[in-house]
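Each chain, letter by letter, is given below.
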Amino acid sequence: MKKGLKILALLSLFTLSACGQSDSKKLTTKTTTAMENVINKPENPYYSNTDTTKLNVPNSEWKKILSPDLYAVAREADTERAFTGTMWNSEVKGTYYCAACGYRLFKSDQKFTSSCGWPSFFEQDNKKSITFKDDNSYGMHRIEANCGRCDSHLGHLFDDGPEPTGKRYCMNAISLDFVPDQVAVTSSKGNLETIVLGGGCYWCVEAVYENLKGVEKVVSGFSGGKVENPSYEEVCTGRTGAAEVVEITYDTTVTNLDEIFKVFFTVHDPTTLNRQGADVGTQYRSVVFYKNEEQKKAAESIIKELNDSNVFSSKIVTSLEPFTQFYAAEDYHQNYYNNNKEKPYCQMVIQPKIAKFEKVFKDRLKK
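Residues numbered from 1 in each chain as written. Predicted model: local features only at pLDDT ≥ 70, side-chain atom pairs only at ≥ 80, totals over all residues. Heavy atoms only, no water.

Chemist: Provide a residue-level description of the environment of Phe-158, including the pertinent values.
Modeler: Along the chain, Phe-158 turns up in strand 7 (residues 153-158). When near neighbours in sequence (up to four residues on either side) are disregarded, Phe-158 contacts Arg-142, Gly-166, Lys-167, Arg-168 and Cys-170. (Helix = DSSP H or I, 4+ residues; strand = E, 2+ residues; numbered from the N terminus. Contact = heavy atoms within 4.5 Å.)

Chemist: Break down the packing of helix 6 (residues 257-267) against helix 7 (residues 293-308) for me, citing the residues and quoting the values.
Modeler: One can describe the packing of helix 6 onto helix 7 by two numbers: an axis separation of 10 Å at closest approach and a directional angle of 50 degrees. Judged on the interaxial angle alone, helix 7 and helix 6 are oblique. Between helix 6 and helix 7 lies a crossing of right-handed hand. Contacts between helix 6 and helix 7 involve Leu-257, Phe-261, Lys-262 and Phe-265 from the first element and Glu-294, Gln-295, Ala-298, Ala-299, Ile-302, Ile-303 and Leu-306 from the second. Here the residues of the contact of helix 6 with helix 7 are counted per class, giving eight nonpolar, one polar and two charged. (Axes fitted to C-alpha atoms, helices over the stretch in contact; angles between N-to-C directions. Parallel < 35°, antiparallel > 145°, perpendicular 65-115°, else oblique. Left-handed = near helix turned anticlockwise from the far one by under 90°. Nonpolar A, V, L, I, M, F, W, Y, C, P; charged D, E, K, R; others polar.)

Chemist: Residue-level account of helix 6, with values.
Modeler: For helix 6, a buried count of 10 out of 11 residues is recorded, marking the element as mostly surrounded by other parts of the structure. Three or more residues of helix 6 are buried, namely Leu-257, Glu-259, Ile-260, Phe-261, Lys-262, Val-263, Phe-264, Phe-265, Thr-266 and Val-267. With a side-chain oxygen positioned 3.1 Å from the backbone nitrogen of Asp-258, the residue opening helix 6 is Asn-256. (Buried < 20%, exposed > 50% of the residue type's maximum accessible area, 1.4 Å probe, protein only. Polar contact = N/O pair within 3.5 Å; in protein donor to acceptor, adjacent residues only side chain to side chain.)

Chemist: Hey, could you go over the sheet that holds strand 1 (residues 94-98) for me, with residue numbers and the actual values?
Modeler: Hydrogen bonds along the backbone pair up the strands of a sheet, which may run parallel or antiparallel. Reading across the sheet, the three strands line up as 2-1-9 and stay open at both edges, with antiparallel pairing between neighbours. Of all the strands in the sheet, just strand 2 (104-107) and strand 9 (176-180) have a single pairing partner and so form its edges. This sheet shows a mean twist of 25 degrees between the axes of neighbouring strands, independent of strand direction. Looking at chain direction, strand 1 and strand 2 are connected through three bridges and run antiparallel. Across the sheet, Tyr-97 pairs through a bridge with Arg-104, a residue of strand 2. (Pairing = 2+ DSSP bridges.)

Chemist: Before we move on, could you go through helix 7 and cite the residues and values that matter?
Modeler: The end-to-end C-alpha separation of helix 7 is 22 Å, in line with the 22 Å expected for 16 residues at 1.5 Å each. All of the buried residues in helix 7 are Gln-295, Lys-296, Ala-299, Glu-300, Ile-302, Ile-303, Leu-306 and Asn-307. Two residues or fewer after helix 7 comes Asn-310, characterised by a positive phi angle close to 55 degrees. (Expected span 1.5 Å × (residues − 1).)

Chemist: Which residues make up the sheet that holds strand 3 (residues 111-112), and what values do they have?
Modeler: One open sheet accounts for six strands, arranged 3-4-8-7-6-5; its pairing is antiparallel. With one partner strand each, in any of the chains shown, strand 3 and strand 5 (130-135) form the two edges of the open sheet. Sheet topology places strand 4 (residues 120-121) next to strand 8 (residues 168-171); two bridges connect them, and they run antiparallel. Bridging from a neighbouring strand, Ser-120 pairs with Cys-170 of strand 8.

Chemist: Outline the pattern of salt bridges, supporting the account with residue identities and numerical values.
Modeler: Taken as a whole and assessed by the stated rule, the structure comprises 12 salt bridges. With a closest N to O distance of 3.6 Å, Arg-149 and Asp-51 form a salt bridge. Highlighted residues: Arg-149 in the loop between strand 6 (142-147) and strand 7 and Asp-51 in the loop between helix 1 (7-14) and helix 2 (59-65), separated in sequence by 98 residues. For Asp-51, a relative accessible area of 27% translates into the label partly exposed. Where Arg-364 meets Glu-259, a salt bridge forms, and the shortest distance between an N and an O atom there is 2.6 Å. Here Arg-364 is found in the segment after helix 9 (344-360), whereas its partner Glu-259 is found in helix 6, with 105 residues between them in sequence. (Salt bridge = Lys/Arg side-chain N within 4 Å of Asp/Glu carboxyl O.)

As far as function goes, none of this settles anything; it's purely spatial.
Here it is as structure tokens:
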């Protein structure tokens, strides 16, 4: 299959599968700050890793945008449990951003492992990245630390840190987005590459890609969030930050990113925030965990084309997040559809997705 397939070929396919379409309009080009972001959150119009303009957004607006757990900490100064996830003791090199607005806060070389159980830093990225105010709640005096751009609560500042500053910026992990310095492609020998996608229940997405010509392997699992190797039950709570995803290994001589993304945007609804049908929660978000700039730019390109052409009745909210780690789900989740075809969920939810895929991509099915 030739690389660089035109998006217009895809638009005709969507007439079979997308609701509320209008006639395609002339494609336009538009440069946005989001295209320069390290992390893209289409559902959050205030999120930017490059814009330093001070924000003045009411809590009523933030409540519509942020997840309930992040809103409670960022806008209501709640505190997460200590030792939540692995960020508190992680030594991975990278950059930490405000999870609410994307403002750069810390570099990993400003971080140290503290016994307090929260991510701790001895210095902020620059003098404007964090602001402070007195906090006299709970009968004690503390110094509250807030994002310098959006004024979201991050944690507190204490005078018991290491040299050279003697400070300890005690942060809530949920208030931070982390991006490793090097987001490498996890690929095997020869022409095989991998990509990690989330489009709701991973049973559905796995069942589709297993039938695409050129796909060598599909593994259901979890990515994102701040909990190491979460269980299915933990992810189902919606509190880990992880998403149900599939790790797709494909042969670049048989298929390519173009086709991988065309299938992705055909078999799930990328316009519903944190939801696919009856499955609701951040664990079911539409997301691309990109492993390099090629994957990121390919995703940005197709999203822009689909939005500009009004293929869907609403704007795409698929988030683009840098890949950090993939955790395979338990064995009984793997190849779930083929092993459980008689179950109602497989017949009522998964089978229609497979039927749509087979109709649109009939020439690209495995024999």
